[in-house]
Amino acid sequence: MSSQRVLPSPPPLKPERNLPDRTSSRAASHTKTRTRPSNSERKHRLGNLIVTIVLSLGAVVMVAPLLWTFSTSLKTREGVFALPPQWIPDPFVWENYLRIWSAGPLLTGIQNSLIVACTVTIVGTLFSALAAFAFAKMRMPFKNVVFLSLLAALMVPFPTLMIPQFTMFASIGWVDTLLPLIVPFIFGNIIMIFFLRQYLNSVPDSIIEAARIDGASFLQIFFRLIFPIIKPAIAAQFILWFMAVWNDYLAPIIYLNSPEVQTLQLVIANFNAQYAIQTDYPLIMAASFVALLPVLIVFIVFQRQIIESIALTGSKG
Amino acid sequence: MSTTARRSRLHRQEHLTALAFVALPVIGFLLFTLYPMLFSVYASFTNWNGLTAPVFSGFDNYIAMVQDPYFLESMYNTFFLMLGIPIGLVISLALALAMNRKMRGSTFFRTIYYVPVISSIAAVAILWQWAFNGDFGLINQILALVGIDGPNWLQDTATVKPALIIMAIWKGLGFSMLLYLAALQSVPRHLYEAAALDGAGAWKQFRHITVPMVRPVTFFLVVTSVIGGSQVFVEINIMTPTGGPEFSSATIVWYIWQKAFDNLQMGYASAMSIVLGLMVFLITFIQFRLNRRNQFSID
């Protein structure tokens, strides 16, 4: 019961502090520039203008292929080959976005991707967090040896493992099911364990000892005490992992053949191969755009967490 | 006496609990990394089609490999595609420097540049394949606006690799830019102020403060991009399904995949995958050594 009370104040543990506080530094620079002579301020403003123009041009290059995809997806089949090119579709064929659902197993693709990504990340995150807690805060013989061997596994590229993994799963009849994409990963993600362990290093041992003295079991400590503290780190890693599983292609293409088990990425790749022959580019682009949307939405919603945790990755790495 | 006994009992209990907590990742490691890796090593010394039992064949696969022009070509292609890494790093550092200014809209730009990073490589490959289309693709239509008759990018041995490099830079830019930006923001301002007092100009400040200060990030990015670059597969599989004109875009992972799952030469493919694994290990090792030396030279 006291485990709730010994919760430390979270601010010093937040990873955001690694990034300088934007608002305060901006305010500071403001006051600084105001005291400077106006000449340098004008220079600063001119610099900003030039930089903004350059960055805008770059941004156009970055979004151009995406806009081009979207524009193509709204054209007629003939409109794609119009000369001079139609930069803006004429007419707008929104119907392409209806056709894709019957043109291939897009919906089952989304379902399969959701099944794989959700199972892997939810179960895997729980096990990773438990392991990270043990590695960071508990006594165990050979703890560092075990941790380092797990880390060393990160150096082994998947292509080196895929042939034996394939024959393993083939021998138990799991090929052409979603299981080979799920089972190896629910045991935990070493990258996540690594980052959560780092994060937990900044949690004082004393709060765990206090909870132990109060008679809490380690499982209770994990769920009542540790989990709430590391929740932001878990959330960020969870999103990154989810997107990685969602976007995976090599493992699905090895294991999945039948249309009804294919994940979204395979479905759109098949769309691409199949409808390019029929030169139905609007259909391919509409399907690809739909495939991009979920991750795009997740990114825009969780932008702050994603960007912060990526930036943290670099500074820790 | 009794307290030590009690403590050791508590310790043993803690050991067991900790063991239970780490057990699953360890089992996963043993089953899905260590065992397959050892099996790969074994299979690389066998003649094996994946269906019948492997037959031991000594170093045959490795000897065949160095005489296999497709293997050598795919290795060459893989390294060639890595030429995009330094280009991408330079551009992303420049972008990070630009965004490090206090100005409006930098968050917006950050988001825009980051979108390709989170996009699925399969979808990205599809849309770039379309953008590189020789007759109706975005690239050539823009080139046509300025009067250039663009090549048929993905069907031409001279342009297929540059096309793939352009796409890879486009996709990876946001990631390295973001890491550089985080590194730039943590450089203490007083270093620049002191250098300015000593009369160091913008270039000197960049050369002697910024570059050394972001070196750990550069190192991290080089290691991760080389490891990622040695495993390029998806864009090849989608954009040039047959390995490109005259095999000119086939990468090592693409070739391993084709040998293992199309031609069922799993022994040979395993041998190539071992070479890939050793290569990744060696690159990581060398770069760690180099980095250590670099850090000494900064001190």
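None of the values given here were measured: they were computed from a predicted structure. (Residues numbered from 1 in each chain as written. Chains lettered and ligands numbered in written order. Predicted model: local features only at pLDDT ≥ 70, side-chain atom pairs only at ≥ 80, totals over all residues. Heavy atoms only, no water.)

Draft legend 1. Examining the overall build of chain B more closely. For chain B, the helix and strand inventory stands at 14 helices and 2 strands. With the principal axes as the frame, chain B shows a C-alpha extent of 75 × 65 × 35 Å. In chain B, which comprises 299 residues, the share counted as buried stands at 52%. In chain B, of all internal contacts separated by at least 6 residues, the share reaching a separation of at least 24 is 65%. Summed over its atoms, the accessible surface of chain B is roughly 14300 Å², and 66% of this surface lies on carbon and sulfur atoms. (Helix = DSSP H or I, 4+ residues; strand = E, 2+ residues; numbered from the N terminus. Buried < 20%, exposed > 50% of the residue type's maximum accessible area, 1.4 Å probe, protein only. Contact = heavy atoms within 4.5 Å. Areas by Shrake-Rupley, 256 points an atom, 1.4 Å probe, with all protein chains shown as cover.)

Draft legend 2. Representation of the domain arrangement of chain A in the model. Domain annotation of chain A identifies domain 1 (13-94) and domain 2 (98-316). Each of domain 1 of chain A and domain 2 of chain A has a C-alpha centre, and the two are 31 Å apart. (Domains from an automatic or database assignment.)

Draft legend 3. Geometry of helix α4 (residues 84-99) of chain B. Helix length check: α4 of chain B, at 16 residues, gives a terminal C-alpha distance of 22 Å against a target of 22 Å (1.5 Å per residue), a fit within 8%. All buried positions along α4 of chain B are accounted for by Gly-84, Ile-85, Gly-88, Leu-89, Ser-92, Leu-93, Leu-95, Ala-96, Ala-98 and Met-99 of chain B. Buried positions along α4 of chain B lie against α2 (38-73) of chain A together with α3 (69-81), α5 (106-118), α8 (160-185), α10 (202-213) and α11 (215-229) of chain B. (Expected span 1.5 Å × (residues − 1).)

Draft legend 4. A look at the packing of aromatic side chains. Summed over all chains, the structure comprises 45 aromatic pairs over all chains. Judged by centre distance (6.1 Å) and plane angle (75 degrees), the rings of Phe-81 of chain A and Tyr-281 of chain A are edge-to-face. Of the two residues, Phe-81 of chain A is situated in the loop between α2 and α3 (96-103) and Tyr-281 of chain A in helix α13 (residues 281-301); the sequence distance between them amounts to 200 residues. In this structure Phe-81 of chain A comes out as partly exposed when scored by relative accessible area, which is 26%. With a relative accessible area of 14%, Tyr-281 of chain A lands in the buried category. Taken together, the ring pairs in this structure connect Phe-166, Phe-169, Trp-174, Phe-187 and Tyr-255 of chain A together with Phe-32 and Phe-261 of chain B into an aromatic cluster. If you follow Arg-197 of chain A out to its NZ or CZ, it ends over the ring of Phe-147 of chain A, 4.1 Å from the centre. Taking the ring centre of Phe-80 of chain B as reference, the NZ or CZ of Lys-161 of chain B above it sits at 5.3 Å. (Phe/Tyr/Trp six-rings, centres within 6.5 Å; stacked < 30°, edge-to-face > 60°. Lys NZ or Arg CZ within 6 Å of the ring centre and 35° of its normal.)

Draft legend 5. Quick look at the pattern of salt bridges. With the rule as written, the count across this model stands at 5 salt bridges over all chains. The partner of Arg-139 of chain A in a salt bridge is Glu-14 of chain B, and the shortest N-O contact between them spans 2.8 Å. Highlighted residues: Arg-139 of chain A in the loop between α4 (106-137) and α5 (143-153) and Glu-14 of chain B in helix α1 (residues 2-43), drawn from two different chains. Take Arg-139 of chain A: its relative accessible area is 43%, and that puts it in the partly exposed class. (Salt bridge = Lys/Arg side-chain N within 4 Å of Asp/Glu carboxyl O.)

Draft legend 6. Molecular detail of unusual backbone geometry. For Thr-279 of chain A, which is not glycine, the phi torsion reads 50 degrees and is therefore positive. A relative accessible area of 34% means that Thr-279 of chain A is categorised as partly exposed.

Draft legend 7. Main features of the interface of chain B and chain A. If you look at the interface, chain B gives 92 residues, while chain A gives 94 residues. Area buried by chain B at its contact with chain A is led by Phe-21, Phe-32 and Trp-130 of chain B, which between them contribute 10% of it. Scanning the region where chain B abuts chain A turns up 1 salt bridge. Counting across the chain B and chain A interface gives 14 residue pairs in polar contact (both at pLDDT 80 or more). Counting residues per element, the side of chain B that touches chain A draws most heavily on α1 of chain B, at 24 residues. Class assignment of the residues belonging to the side of chain B that touches chain A gives a composition of 62 nonpolar, 24 polar and 6 charged. (Buried area = accessible area lost by both parts, 1.4 Å probe. Polar contact = N/O pair within 3.5 Å; in protein donor to acceptor, adjacent residues only side chain to side chain. Nonpolar A, V, L, I, M, F, W, Y, C, P; charged D, E, K, R; others polar.)

Draft legend 8. Seen up close, a nonpolar patch on the surface. A surface patch of nonpolar side chains, amounting to about 880 Å² of accessible area, comprises Trp-87, Ile-88, Phe-92 and Trp-94 of chain A together with Ile-142, Leu-145, Val-146 and Ile-148 of chain B. Along the chain, the position of Trp-94 of chain A falls in the loop between α2 and α3. (Patch = residues over 30% accessible without salt bridge, like charges linked within 9 Å, V, L, I, M, F, W, Y side chains within 5 Å.)

Draft legend 9. Spotlight on the side chain of Asn-237 of chain B. Here Asn-237 of chain B is to be found in helix α12 (residues 234-239). Polar side-chain contacts of Asn-237 of chain B include one of 2.7 Å to the side chain of Tyr-249 of chain A. Setting aside anything within four residues of it in sequence, one finds Asn-237 of chain B in contact with Tyr-249 and Ile-253 of chain A together with Trp-254 and Trp-257 of chain B.

Draft legend 10. Spatial organisation of the confidence of the model for chain A. In the predicted model, chain A carries a mean pLDDT of 83, and 86% of its residues have values of at least 70. Per-element confidence in chain A is highest for helix α7 (residues 179-182) of chain A, whose mean pLDDT is 96, and lowest for helix α1 (residues 22-35) of chain A, whose mean pLDDT is 45. (pLDDT = per-residue confidence, 0-100.)

Draft legend 11. Region of interest: the domain arrangement of chain B. All names here are of chain B. Here chain B is partitioned into domain 1 (2-62) and domain 2 (66-298). The centre of domain 1, based on its C-alpha atoms, is set 33 Å off from the matching centre of domain 2. With 12 residues of domain 1 at the contact, the number on the domain 2 side is 11 residues. When the two sides are added together, the surface that domain 1 and domain 2 hide from each other amounts to roughly 850 Å², 65% of it contributed by carbon and sulfur. Among the residues domain 1 hides against domain 2, the three largest losses belong to Trp-48, Asn-61 and Tyr-62. Together they make up 55% of the total.

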